[in-house]
Amino acid sequence: MWSHIVFEHPSTFDTLAMDPNKKKNILDDLMMFSKSKDYYKKVGKSWKRGYLLYGPPGTGKSSMIAAMANFLEYDIYDLELTSVRDNTDLRKLLIDTRSKSIIVIEDIDCSLDLTGQRMEKKGKKDPSKKKAGEEEDKKKKESEVTLSGLLNFIDGLWSACGSERLIVFTTNYYEKLDPALIRRGRMDKHIEMSYCCYETFKVLAKNYLDLESHELFETIRIMLPEAKMTPADVAENLMPNSDEENAEICLNNLIKSLEDAKEAARLKALENARIKAEEEEEASKKKDEEGKKAGDAKENGVMLA
């Protein structure tokens, strides 16, 4: 069952690297939820709310959860689905949680077979993936938690056993998740945690270098959209590696990393374009060959099915 440890994560909404408008929207939502006991009772809903945090690795999803917990002064229950034996144990874990808590399932796309599970059952299985699927099933054999069990965990009858509770899922791959898992009413608020924008960078510069402005800021503002760098990577460049590194050196380190990231993205785009062109050329050749064979067969009086 649950093991207790003291939660001392320093993340707050003041230090969270995020666009200020999006941050305010989330804060308002959390504040409204915490004051809505009577409203939820009035409309006949359990006093709980689901949040889906999605985006590339390094965009601050875990820091967001910690900031939410610190802001609301809630406990965090970190749930690893692969360690749960079956749906019954999952329900017992839910019953053992307290009010004023956040139940977290990180990387939900990697947790058991919960990604588009029902759609897969309708279609034919690819034989080439059979072996890989068998190996994956073997890894997950110890856990028999199903998509249905998780849905009941989120909003079934037993989900009403507590109150003032948040359920938070995180994923790097939004498109892989079963629509039933993330529909409104289960995951009420979908929050995209994206690459570092200029507003996010300014928060990081203030946190790491105590800077609110600098002549190099404009250069960084122009480069950020093209480089697609995560807040974690930006923060790493802004962190001084020695006492000799001042703010200007750190900013120049970031500019160099942004240039490298931009070049890497350019080369990757060229490689993808080359591969696509080769595939299209191969498909065109195959189509021409099939057309030629059909023409030859017609001339010889042979009918092809």
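Look above for the structure.
Calculation rules
- The residue numbers shown here count from 1 along each chain, following its written sequence.
- Note on the predicted model: pLDDT of at least 70 is required for a residue's local features to be given, and 80 or more for side-chain atom pairs to be given and counted; whole-chain, interface and lining totals, by contrast, use all residues.
- Computation of side-chain values covers all heavy atoms of the structure but excludes hydrogens and water.
- Helix numbers and strand numbers start at the N terminus; a helix is a DSSP run of H or I with at least 4 residues, a strand a run of E with at least 2.
- Only protein chains enter the accessibility calculation, which uses a 1.4 Å probe; a residue whose area is less than 20% of its type maximum is buried, one above 50% is exposed, and one in between is partly exposed.
- Whether two residues are in contact is decided by their heavy atoms, any of which lying within 4.5 Å being enough.
- By definition, two strands form a pair when at least two bridges between them are found by DSSP.
- For helices, the axis comes from a line fit to the C-alpha atoms of the stretch in contact; other axes are also lines fit to C-alpha atoms, and the angle between any two N-to-C directions lies between 0 and 180 degrees.
- For a helix, the expected span equals 1.5 Å multiplied by the residue count minus one.
- In the analysis that follows, any N or O atom pair within 3.5 Å is treated as a polar contact, provided that within protein one partner can donate a hydrogen and the other can accept it, and provided that, for residues neighboring in sequence, both atoms belong to side chains.
- What the arc measures is the spread of directions leading from the helix axis to the C-beta atoms.
- For our purposes a nonpolar core is just a set of buried Ala, Val, Leu, Ile, Met, Phe, Trp, Tyr and Cys residues, chained together by side-chain atoms within 4.5 Å.
- Basic side-chain nitrogens of Lys or Arg form a salt bridge, by our definition, when they fall within 4 Å of a carboxyl oxygen of Asp or Glu.
- Pairing of aromatic side chains requires ring centres within 6.5 Å, counting the rings of Phe and Tyr and the six-membered ring of Trp. Pairs whose planes differ by under 30 degrees are stacked, by over 60 edge-to-face, and all others tilted.
- Over a ring means this: the NZ of a Lys or the CZ of an Arg is within 6 Å of the ring centre and within 35 degrees of the ring normal.

A.B. asks: Got a sec to walk through the environment of Glu 144? Specific residues and values, please.
C.D. replies: Checked against the element boundaries, Glu 144 lands in the loop between helix 6 (130–140) and helix 7 (147–155). Here Glu 144 falls in the exposed class, since its relative accessible area comes to 56%. Linking Glu 144 and Asn 87, residues 57 residues apart in sequence, is a C-alpha distance of 7.0 Å. With sequence-adjacent residues up to four places away left out, Glu 144 is seen in contact with Val 84, Arg 85, Asp 86 and Asn 87.

A.B. asks: I'd love a proper account of unusual backbone geometry, names of residues and values included.
C.D. replies: Comment: phi is negative for the bulk of residues other than glycine, and the bulk of peptide bonds are trans. A positive phi angle, close to 55 degrees, is found at Lys 100, a residue other than glycine. Along the chain, Lys 100 turns up in the loop between helix 4 (87–95) and strand 3 (101–105). Judged by its relative accessible area of 43%, Lys 100 is partly exposed. Not every positive phi belongs to a glycine, and Asp 210 is a case in point at roughly 55 degrees. Note that Asp 210 resides in the loop between helix 9 (198–209) and helix 10 (217–227). Residue classification places Asp 210 among the exposed residues on the basis of a relative accessible area of 56%.

A.B. asks: A description of the sheet that holds strand 5 (residues 189–192) should follow, citing residues and the corresponding values.
C.D. replies: Spatial ordering of the open sheet is given by 2-3-4-1-5, a layout of five strands whose pairing is parallel. Looking at the sheet topology across the chains shown, the edges are occupied by strand 2 (75–78) and strand 5. Direction aside, neighbouring strands of the sheet carry axes that sit 20 degrees apart on average. Contacting strand 1 (48–54), strand 4 (165–171) and strand 5, helix 1 (residues 20–34) crosses the sheet at an angle of about 155 degrees to strand 5.

A.B. asks: Describe helix 3 (residues 61–72), listing the residues and the values that go with them.
C.D. replies: With 12 residues, helix 3 ought to run about 16 Å at 1.5 Å a step, and its terminal C-alpha atoms sit 17 Å apart, in line with that. Residues Lys 61, Met 64, Ile 65, Ala 66, Ala 67, Met 68, Ala 69 and Leu 72 constitute the buried set of helix 3. Close packing links the buried residues of helix 3 with helix 1, strand 1, strand 2, strand 3 and strand 4. Positive backbone phi, approximately 60 degrees, marks Glu 73, located one or two places after helix 3.

A.B. asks: Before we move on, could you go through the side chain of Arg 49 and cite the residues and values that matter?
C.D. replies: Its location among the elements puts Arg 49 in strand 1. Given a relative accessible area of 18%, Arg 49 falls into the buried group. Separated by 2.8 Å, the side chains of Arg 49 and Asp 29 make a polar contact. Apart from residues lying up to four places away in sequence, Arg 49 is in contact with Asp 29, Phe 33, Tyr 40, Arg 165, Leu 166, Ile 167, Asp 188 and Lys 189.

A.B. asks: I'd like to hear about helix 1, residue by residue, with values.
C.D. replies: The first and last C-alpha atoms of helix 1 sit 21 Å apart over 15 residues, in line with the 21 Å expected at 1.5 Å per residue. Of the residues making up helix 1, those classed as buried are Lys 23, Ile 26, Asp 29, Leu 30 and Phe 33. Along the axis of helix 1, the buried residues cluster in a sector spanning 125 degrees; they form a single face. For helix 1, the exposed residues set more than 90 degrees away from the buried face come down to Asn 21, Lys 24 and Met 32. Near the N-terminus of helix 1, the side chain that reaches the backbone nitrogen of Asn 21, with its oxygen 2.9 Å away, is that of Asp 19.

A.B. asks: Kindly report on the nonpolar core, identifying the contributing residues and their values.
C.D. replies: If you look at the biggest cluster of nonpolar residues, it comprises 25 residues, and the most contacted ones within it are Leu 150, Phe 169 and Leu 181. Mapped by element, the contributors of at least two residues to this core are strand 1, helix 4, strand 3, helix 7, strand 4 and helix 8 (179–182). At five residues, the largest contribution of residues to this core is made by helix 7. Counting 23 residues, the second largest nonpolar core, distinct from the first, contains Leu 30, Ile 65, Met 68 and Leu 72.

A.B. asks: Give me the pattern of salt bridges: which residues, what numbers.
C.D. replies: Under the defined criterion, the tally for this structure stands at 16 salt bridges. Lys 100 is paired through a salt bridge with Glu 164; the nearest N and O atoms lie 3.2 Å apart. Taken together, the positions of Lys 100 in the loop between helix 4 and strand 3 and Glu 164 in the loop between helix 7 and strand 4 put the pair 64 residues apart, joining distant regions of the chain. On the accessibility criterion, Glu 164 (7% relative accessible area) is buried. Ionic pairing is found between Glu 226 and Lys 262, a salt bridge with its closest N-O pair at 3.0 Å. Separated by 36 residues along the polypeptide, Glu 226 in helix 10 and Lys 262 in helix 12 (residues 247–299) bring together distant segments of the chain. A single network of salt bridges, built from pairs that share partners, joins Asp 155, Arg 183 and Arg 186.

A.B. asks: Summarise the packing of aromatic side chains; cite the residues concerned and give the values.
C.D. replies: Evaluated as defined, the whole model comprises eight aromatic pairs. When the centroid spacing of 6.2 Å and the interplanar angle of 90 degrees are considered together, the rings of Tyr 39 and Tyr 40 count as edge-to-face. With centroids separated by 4.5 Å and ring planes inclined at 45 degrees, the aromatic side chains of Tyr 54 and Tyr 174 adopt a geometry described as tilted. Highlighted residues: Tyr 54 in strand 1 and Tyr 174 in the loop between strand 4 and helix 8, separated in sequence by 120 residues. By relative accessible area, Tyr 174 is classed as partly exposed at 31%. Taken together, the aromatic side chains of Phe 33, Tyr 39, Tyr 40 and Trp 47 make up a single cluster linked through ring pairs. Taking NZ or CZ as reference, Arg 49 lies 5.9 Å from the ring centre of Tyr 51, over its face. Directly above the ring of Tyr 173 sits Lys 176, whose terminal nitrogen or CZ lies 4.4 Å from the centroid.

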